[in-house]
2 protein chains.
Amino acid sequence: MKLLIVGGVAGGASAAARARRLSEDAEIILFERGPEVSFANCGLPYYIGGEITKRDKLLVTTPELLRARFNLDVRTRSLVEAIDRQAKRVRVRDLATDRVYEESYDKLILAPGAAPLRPPIAGLDLPGIYTLRNLQDVDRIKQRVDQGVRQAVVVGAGFIGLELVENLVKRNVATTVVELQNQVLPPLDQEMTTPLVETLVAHGVEVLLGDSAEAFEAAADGLSVRLKSGRQLPAQLVILGVGVRPENQLAVDAGLEVGPRGGIRVNEHLQTSDADIYAVGDAIEVQDFVLGGATQVPLAGPANRQGRIAADNVFGRAATYRGTQGTAIVGVFDRTAAMTGASEKVLQRNQRPYRKIYVHPGHHAGYYPGAESMTIKLLFDPDSGRILGAQAVGGAGVDKRIDVLAMAIQAGLTVFDLEEAELAYAPQYGSAKDPVNMAGFVAAGMLRGEHPQIDVGTLLALPGDEQPLLLDVRTPQEFAAGAIPGSINISVDDLRARWGELPSNRKIAAYCQVGQRGYVATRMLQQLGLSVQNVSGGYKAYLLYQGAQR
Amino acid sequence: MKLLIVGGVAGGASAAARARRLSEDAEIILFERGPEVSFANCGLPYYIGGEITKRDKLLVTTPELLRARFNLDVRTRSLVEAIDRQAKRVRVRDLATDRVYEESYDKLILAPGAAPLRPPIAGLDLPGIYTLRNLQDVDRIKQRVDQGVRQAVVVGAGFIGLELVENLVKRNVATTVVELQNQVLPPLDQEMTTPLVETLVAHGVEVLLGDSAEAFEAAADGLSVRLKSGRQLPAQLVILGVGVRPENQLAVDAGLEVGPRGGIRVNEHLQTSDADIYAVGDAIEVQDFVLGGATQVPLAGPANRQGRIAADNVFGRAATYRGTQGTAIVGVFDRTAAMTGASEKVLQRNQRPYRKIYVHPGHHAGYYPGAESMTIKLLFDPDSGRILGAQAVGGAGVDKRIDVLAMAIQAGLTVFDLEEAELAYAPQYGSAKDPVNMAGFVAAGMLRGEHPQIDVGTLLALPGDEQPLLLDVRTPQEFAAGAIPGSINISVDDLRARWGELPSNRKIAAYCQVGQRGYVATRMLQQLGLSVQNVSGGYKAYLLYQGAQR
C-alpha cells in the first residue's frame, strides 16, 4: 500500500498517524505546503494576545517526530499541484527548490483545509491588512502588534474574529469589530449574542453591526477603513475574519465532485467521487447530523476524527462518519458562548418545525459563593421532544452544559430524557436540579401542555389587538427597577388573593425574572380558568431580545 | 384530594411544590420534624469551613415562602408517629406543644430521608462527638470549632467525611481521618483514590486507612479516640461520617415492605406496597440503572426528581422513575473526584463481565496555559461496548467529563459512540480530541482487537513465570526518573531500529507515561509479529495502583 496524504495539519496528520498504526509496512507520504505540520490553529489568537508565550507551543507535532515515531515520509513546503486519476499519480512542487516531480499512489487522502475569504475590497493588498490561517500569518500580525498598534479593525465577528478582538484588547489595542450581519457570532441566534456585545462594549470594543468594509485606504497614520455606512475608521492593523472557503482547486481540477458551496463531496466513508481518493477536514461537505443534507462545518474536532476514519477505510475497515453537529465554543473576555446542533434560524430556513425555551440557571448551587448565571436556549421537536439544538451563554459551566447536550443530541435523546439526567452535584459543581434538568423540565412541561409558554420574539411580534395582558409576577421592587412596557404587577405570592383583578376575557402573558415564578403563576391562573402563558425565560429573555434589537 | 407529605427537605419539598402546580385545589399538608424545610444538606460542611458565611444561605426555602407561593400547609416540628393505613390517617405529634392529633389522607408521600449511622462505640455520647445531618447539627459543630478546636478526628472517609476534613483544615484544625476500608471514598475503586490521599497528606491531614474507632474516652484536653490498631488520637472534636440508614421506622411500623438494607420498597411509580402511599428520597430502595436490581443511593438530585414523580403519580400522571446511576462528585482541596454508573468492585461483586481502560488527558489543550491532568477510568461491556461506569479524578474539567459520560450511560451509548462524540473545543475548554473521545478511542481499540491492553492490577497479579517482559518506551530520561521495577527501556522513537533486541518467544507489556506512546509501540510490535500488550494508562496508572497499596 502506498498512501499519499495532501495536507499535514489536523485531518491530514491524524490520518497519517492512524495509517501507520494500522499498517507498519505501508509507504506513507505526507505533503504539506507550509513549513510546519499539525500546528494549533485554534491557539493562534492567543499567541498574538500573549496568553501563549512560546511560539513552539503552537506546534502540536513536528516533521521530525512524525518521521521518528510513525516512520512517515513528511515533505513540508511541498505543493501537490495536480492529480492524474487515470495514472494514479500526483504532481508535486518542492517549494524550496521549485523542483517538480511525480509520485504514484494506491490511495490518496486530501486534507487541504480551508482558506480565509478575501472579499474584493479596494485596497485589500495594502500593508497592515491580514488574514489569519497559519503560523506565517500569526508571525506577521504579532510582529506588527509588537511594533505598536494603537487602533485595529477586525472585519467579521465570528468565532475567530471575536477571539482576535479579545486578544488585541489584551495588547492594549483600541479595537473596532465590523460585522455585516446584525449580530456578532452569526452561527448563534441573535438574542443569545446580547451578553457578548455587552462584554465587548464593557471592555472598550466598538461593535459595528450591519456594516461592512468598502475600501481600505492608505493614511498618514497607517490605514483608513471606509465602511458602507460612510464611517471612516483609522487603523494601523486590519484583520479579516469573514469566513473560509474550501481549498478545493486540486479536487476540482481533478474532476472530483464538489458541492454548491465548494466542499469536496464525500460519502459516509469519506470517499470522494473517485473510490481511491478520500477527503477530510475543512475542505469537505459533511452530513448535517441533526437535519440531514450536506453542509460545511470547519471544525478541528471533526477534522481529526475524519482523518482517523479515512485511514481506517484506506486499510479496509469500513468506518463511517456520522455527520457533524456543529458543536462550537468561544470565550470572549469573561463570557463563554457555545452551541451544538441546529440554531433557530437554521431550523426556520429549513422549515423544520420546532419549539424553544429559555432558562437562566446558576452554574452551581446558589447557596455556594460564586455562582454565575447562564442562559440556555433549547430547541426541540414539537412532537417527539427530540433535542434539535442548544445554545448557552454565560460564564463558568457553559462548556459543561453544552457538552452534555451535545452528547444528548448525538444519542437522539428528548427533552423528557433531560428531565431525568443524573448529573454530578456538589455545591461547587452544580445543583440538585442541574441547568440541563431545568431546561428539560421547562421544555417537557411545554410539550405535555402543563406549562403553556410564549417566547419574547413571538410576544413582541403580535399585532396590537392580539397583545395579551402583560402580568409581571415579580416583587414591586423588581417591577419598579424595570419591566416590559405595558405590564401590570401582581407578585406571585399575592396572586391567590388578587387574581380577581385580572380580566377573564383576555389572554394573559405572565412573567418573572427568569421564568420560574412565572411558571408557578401560570399553573395557578390556568387552573383558575384563565387563559395564560408564561413568557419563556422571563424578563431576562426580554432583555436579551431588546439588546439584540439595538 | 388531600395529600399529606412526611418530610420537608429535598424530596418532600419538591413533591409538595409539584403537587400544588398540578392542583390548585388539593389540600396539601407538609409535615417536617425539624424547624426548617428544604435546607441545603450538601452545603453544611462549607458553612463549618466558612466558605458559606451566612447561615440563612443554607435555607433553600422557608415555611413562609411555601405557604405564600404554593398555599401549602407547612407544619414544622411536627413528627408523624404512625400511619393507620386502614383508616387512611396519620398520628402527628406537635413537638412544640406535645399535642398529638390525627390527620386523614387520600394519598401520602413519605420523604423521611436517612439518618447518620451511630455505630455502637463506647463513649459515643461524650460531649464533642457529632454526626452531621441538619442545621442543628451544623450549629453545634460550628460553635465548637468557633470556640477553638486544635485537633479533630473524622471517622469515615466518604463524600461528606472528606468534605468535613477539608473544611476543618481550612479552619486550621489538625485533622485525622479514620476509614475502616483500605481506601478513602469507598464508592470509587481503590486506585482512583490515590490522588485524593496525596492531596489530603499534602494539606497536613493524617489519613488512617483500614482502621476504626473502638472507643471514645474523656481526656484532660477533650477526648481521646482509641483505634482498633491501638493508636490513641487526642481530639477536641469528633465527627462521625460512616454512612446513613433509611429512616424507615414509620414505614416498618405501618407494615410497608422494606428491603434487606432497610430501604422502603417502591415500584417504578415510587408507590410503596400500599397503593395510596408513595415514598421518595434517601429512605427508599431504587433500581440500579446500570445493573438492575434494588439498591440504596442517598443523593439529592434523585431525591428531587423522585419528589416530582411521586406528585405526578398522585395526581394521575403515570410518571416513572428510571433508576439511579449513582452519579456523585466531591471536591477535596485542589482535587475533584467523580463517578457515574457502576464501579469495578460492584461489577465484580455482581459477576458482571466488563473491560476497563485508563487515560490521563489534560482538561484542555496542552498548548494553552493551565491545562490540568485528570485520570479517567472507563468500564464497559466486553461485547457490545456499552458503558457501564466511569470514574475521574483530577482538577478542573473532571465534573464536565463525568456529566458527559453520565448522559452517555443514561442513553445506553457505547465506547464506539464516545469516539464520535462532538464536544466543544476551544483551547481554554477542551481539546480537538476531548478526554471523552480519548477514553472512547482506547476502549474501542481494545474491543476491536487493534489495541491489546493489560491493566496494572492484572499485570501485577500475574505469577512470576507468567510475567511479561516490561518494555518502557519512554525516553531514557523519563525511565531514569522512575519506572516499573524489572523494565527495560527502548524509546518508542528508537523501536523500529532496535526491536530486534526483543525476545520473540516472550510476551511483552509495553508502557509509557500515559498510554499513548505505548499504544504506538504496541501497534508496531504487534505488526512485527511479537506478542505484545499496552499497559492501560501507562506508568501513571502504575503509580495510582502503587499509591493505593500503601
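Computed from a predicted structure; not experimentally measured.

**What to know about the overall build of chain A**
Thought 1: Helix and strand counts for chain A come out as 17 helices and 30 strands.
Thought 2: For 550 residues, the compact-globule estimate of 2.2 N^0.38 gives 24 Å, and the C-alpha radius of gyration of chain A, at 26 Å, lies within 12% of that figure.
Thought 3: With respect to the principal axes defined by its C-alpha atoms, chain A has extents near 90 × 60 × 45 Å.
Thought 4: Here chain A holds 550 residues, and the buried ones make up 55% of them.
Thought 5: Within chain A, counting contacts between residues at least 6 apart in sequence, those at least 24 apart form 63% of the total.

**Examining the pairing of strand 15 (residues 232-235) of chain B**
Residue and element names in this part refer to chain B.
Thought 1: Pairing analysis gives four bridges linking strand 14 (residues 222-227) to strand 15, with the strands arranged antiparallel. Each residue of the ladder has a partner; that of Arg226, found in strand 15, is Gln232.
Thought 2: Counting the residues that bridge the hairpin from strand 14 to strand 15 gives four residues, and of these Gly230 lies at a positive phi of roughly 100°.

**Notes on the domain arrangement of chain A**
Residue and element names in this part refer to chain A.
Thought 1: Domain parsing of chain A yields domain 1 (2-113 + 245-314), domain 2 (129-242), domain 3 (334-447) and domain 4 (453-549).
Thought 2: Domain 3 and domain 4 are separated by 23 Å when their C-alpha centres are compared.
Thought 3: With eight residues of domain 3 in contact, the opposing surface of domain 4 contributes nine residues.
Thought 4: Those elements that place two or more of their residues in the side of domain 3 that touches domain 4 are strand 23 (355-359) and helix 12 (435-447).

**Side note on unusual backbone geometry**
Residues and elements named next belong to chain A.
Thought 1: A positive phi angle, close to 50°, is found at Asn71, a residue other than glycine.
Thought 2: Among the residues examined, Asn71 registers 16 C-beta atoms within 10 Å and is labelled partly exposed.
Thought 3: Notably, Asp98 is not glycine yet its phi reads approximately 65°, a positive angle.
Thought 4: Tracing the chain through its elements places Asp98 in the loop between strand 5 (89-94) and strand 6 (100-104).

**Some points on the relation of the copies chain B and chain A**
Thought 1: For the pair chain B and chain A, the best superposition has an RMSD of 0.0 Å and corresponds to a rotation of 180° with a translation of 0.0 Å parallel to the axis. Considering both components of the superposition, the chain copies are consistent with a two-fold axis.
Thought 2: Residue by residue, 100% of the interface of chain B is reproduced at the interface of chain A, so both copies engage with the same surface.

**A word on the sheet that holds strand 10 (residues 151-155) of chain A**
Consider a sheet: its strands pair through backbone hydrogen bonds, and that pairing is either parallel or antiparallel.
Residues and elements named next belong to chain A.
Thought 1: With parallel pairing, five strands are arranged side by side in an open sheet as 9-16-10-11-12. Sheet topology places strand 9 (129-131) and strand 12 (206-209) at the edges, where each strand pairs with a single neighbour. Shown here is a sheet whose adjacent strand axes are inclined to one another by a mean of 20°, direction ignored.
Thought 2: Examined bridge by bridge, strand 11 (residues 174-179) and strand 12 share four bridges and lie parallel to one another. Looking at the pairing, Thr176 lines up with Glu206 of strand 12.
Thought 3: Relative to strand 11, helix 5 (residues 159-170) is tilted by about 165°, and along the sheet it contacts strand 10, strand 11 and strand 16 (237-240).

**Comments concerning the sheet that holds strand 2 (residues 27-31) of chain A**
Residue and element names in this part refer to chain A.
Thought 1: Spatially, the five strands line up as an open sheet ordered 3-2-1-7-18, and their pairing is parallel. Each edge of the sheet is formed by a strand with only one pairing partner; in this case those strands are strand 3 (73-75) and strand 18 (277-279). Between one strand axis and the next, the sheet turns by 15° as a mean value, whatever way the strands run.

**Considerations on the nonpolar core**
Thought 1: Formed by 361 residues in total, the largest nonpolar core has its most connected members in Leu110(A), Val238(A) and Leu110(B).
Thought 2: Leaving out residues up to four positions away in the same chain, Leu110(A) has contacts with Val6(A), Gly7(A), Leu250(A), Ala251(A), Ile264(A), Ile277(A), Tyr278(A), Ala279(A) and Ala283(A).

**Considering the interface of chain B and chain A**
Thought 1: Taken together, the contact pairs 64 residues of chain B with 64 residues of chain A.
Thought 2: If you list the elements that add at least two residues to the side of chain B that touches chain A, you get helix 1 (10-22), helix 3 (63-70), helix 8 (300-314), strand 21 (328-332), helix 10 (398-410), helix 11 (415-420) and helix 16 (516-527) of chain B.
Thought 3: With nine residues, helix 10 of chain B is the single largest residue contributor to the side of chain B that touches chain A.
Thought 4: Taken together, the residues of the side of chain B that touches chain A break down into 36 nonpolar, 11 polar and 17 charged.

**Regarding helix 10 (residues 398-410) of chain A**
Residue and element names in this part refer to chain A.
Thought 1: Between its terminal C-alpha atoms helix 10 stretches 18 Å, which fits the 18 Å expected from 13 residues at 1.5 Å a residue.
Thought 2: Counted residue by residue, helix 10 has 13 buried out of 13 residues, so it is predominantly covered.
Thought 3: Gly412 occupies a position one or two residues after helix 10 and carries a positive phi of about 70°.

**Some details on the environment of Val165(B)**
Residues and elements named next belong to chain B.
Thought 1: Position of Val165 relative to the elements: it lies in helix 5 (residues 159-170).
Thought 2: A count of 30 C-beta atoms within 10 Å places Val165 in the buried class.
Thought 3: Those residues in contact with Val165 that lie beyond four places of it in its chain are Val154, Thr175, Val177, Leu200 and Val205.

**Considering the packing of helix 1 of chain B against helix 8 of chain B**
All names here are of chain B.
Thought 1: Interaxial distance between helix 1 and helix 8 falls to 7 Å at its minimum, and their mutual angle equals 35°. Here helix 1 and helix 8 pass one another in a crossing that is right-handed. Two secondary-structure elements touch here, helix 1 through Ala10, Gly11, Gly12, Ser14, Ala15, Arg18, Ala19 and Leu22 and helix 8 through Ala300, Ala303, Asn304, Gln306, Gly307, Arg308, Ala310, Ala311 and Val314.

**Digging into helix 16 (residues 516-527) of chain A**
Residue and element names in this part refer to chain A.
Thought 1: The end-to-end C-alpha distance of helix 16, which contains 12 residues, comes to 17 Å, matching closely the 16 Å that a straight helix rising 1.5 Å per residue would cover.
Thought 2: The element helix 16 is extensively covered by neighbouring structure, given that 10 of its 12 residues are classed as buried.
Thought 3: All of the buried residues along helix 16 are Arg517, Gly518, Tyr519, Val520, Ala521, Thr522, Arg523, Met524, Leu525 and Gln526.
Thought 4: Phi turns positive, to about 95°, at Gly529, one or two residues after helix 16.

**Digging into the confidence of the model for chain A**
Thought 1: Counting all residues, the mean pLDDT for chain A is 96, and 100% of those residues have values of 70 or more.
Thought 2: At the level of chain-chain contacts, confidence expressed as ipTM amounts to 0.96, with global pTM at 0.96.

**Brief notes about the environment of Met192(A)**
Residue and element names in this part refer to chain A.
Thought 1: Summarising the element assignment, Met192 is placed in the loop between strand 11 and helix 6 (194-202).
Thought 2: Exposure remark for Met192: the 24 C-beta atoms within 10 Å place this residue in the buried category.
Thought 3: Taking C-alpha positions, Met192 is 8.4 Å from Ala337, a pair spaced 145 residues apart along the chain.

**Comments concerning the pairing of strand 7 (residues 107-110) of chain A**
Residue and element names in this part refer to chain A.
Thought 1: Of the two faces of strand 7, both are covered, the one formed by Lys107 and Ile109 as well as the one formed by Leu108 and Leu110.
Thought 2: Note: strand 7 against strand 18, three bridges, orientation parallel. Its bridge partner lying in strand 18, Leu108 is registered against Ile277.

**Re the environment of Ala432(A)**
Thought 1: Its place among the elements puts Ala432(A) in the loop between helix 11 (415-420) and helix 12.
Thought 2: Here the alpha-carbon distance between Ala432(A) and His364(A), two residues 68 residues apart in the chain, equals 9.1 Å.
Thought 3: Leaving out residues up to four positions away in the same chain, Ala432(A) has contacts with Tyr425(A), Ala10(B), Ala300(B), Gly301(B) and Asn304(B).

Rules of the game
- Residue numbers run consecutively from 1 along every chain, following the written order of its sequence.
- Following the order in which they are written, the chains are lettered starting with A and the ligands numbered starting with 1.
- Side-chain atom pairs in this predicted model are given and counted only at pLDDT of 80 or more, local residue features only at pLDDT of at least 70, and totals for whole chains, interfaces and linings cover all residues.
- Numbered from the N terminus, helices here are DSSP runs of H or I no shorter than four residues, and strands are runs of E no shorter than two.
- Radius of gyration: C-alpha atoms only; globule rule: 2.2 Å multiplied by the number of residues to the exponent 0.38.
- Working definition of burial: number of other C-beta atoms within 10 Å of the residue's own, with buried at 20 or more, exposed at 12 or fewer, and partly exposed in between, all C-beta atoms being placed from the backbone.
- Note on contacts: residues are paired as contacts if their backbone-placed C-beta atoms lie within 7 Å.
- Only when DSSP finds a minimum of two bridges between them are two strands counted as paired.
- As used throughout, domain bounds are those supplied by an automatic or database domain assignment.
- Least-squares superposition aligns the copies on the C-alpha atoms of those residues with pLDDT at or above 70 in both.
- Convention adopted: a line fitted to C-alpha atoms gives each axis, helices being fitted over their contacting stretch, and angles between N-to-C directions are expressed from 0 to 180 degrees.
- A set of buried Ala, Val, Leu, Ile, Met, Phe, Trp, Tyr and Cys residues, joined through C-beta atoms within 7 Å, is what we mean by a nonpolar core.
- Three classes are used, and their members are as follows: Ala, Val, Leu, Ile, Met, Phe, Trp, Tyr, Cys and Pro are nonpolar, Asp, Glu, Lys and Arg are charged, and the others, Gly among them, are polar.
- Helix span, expected: 1.5 Å multiplied by one less than the number of residues in the helix.
- Less than a right angle of anticlockwise turn of the near helix away from the far helix marks a crossing as left-handed, whereas a clockwise turn marks it as right-handed.
- Each residue carries a pLDDT score, the predictor's own confidence in it, on a scale running from 0 to 100.

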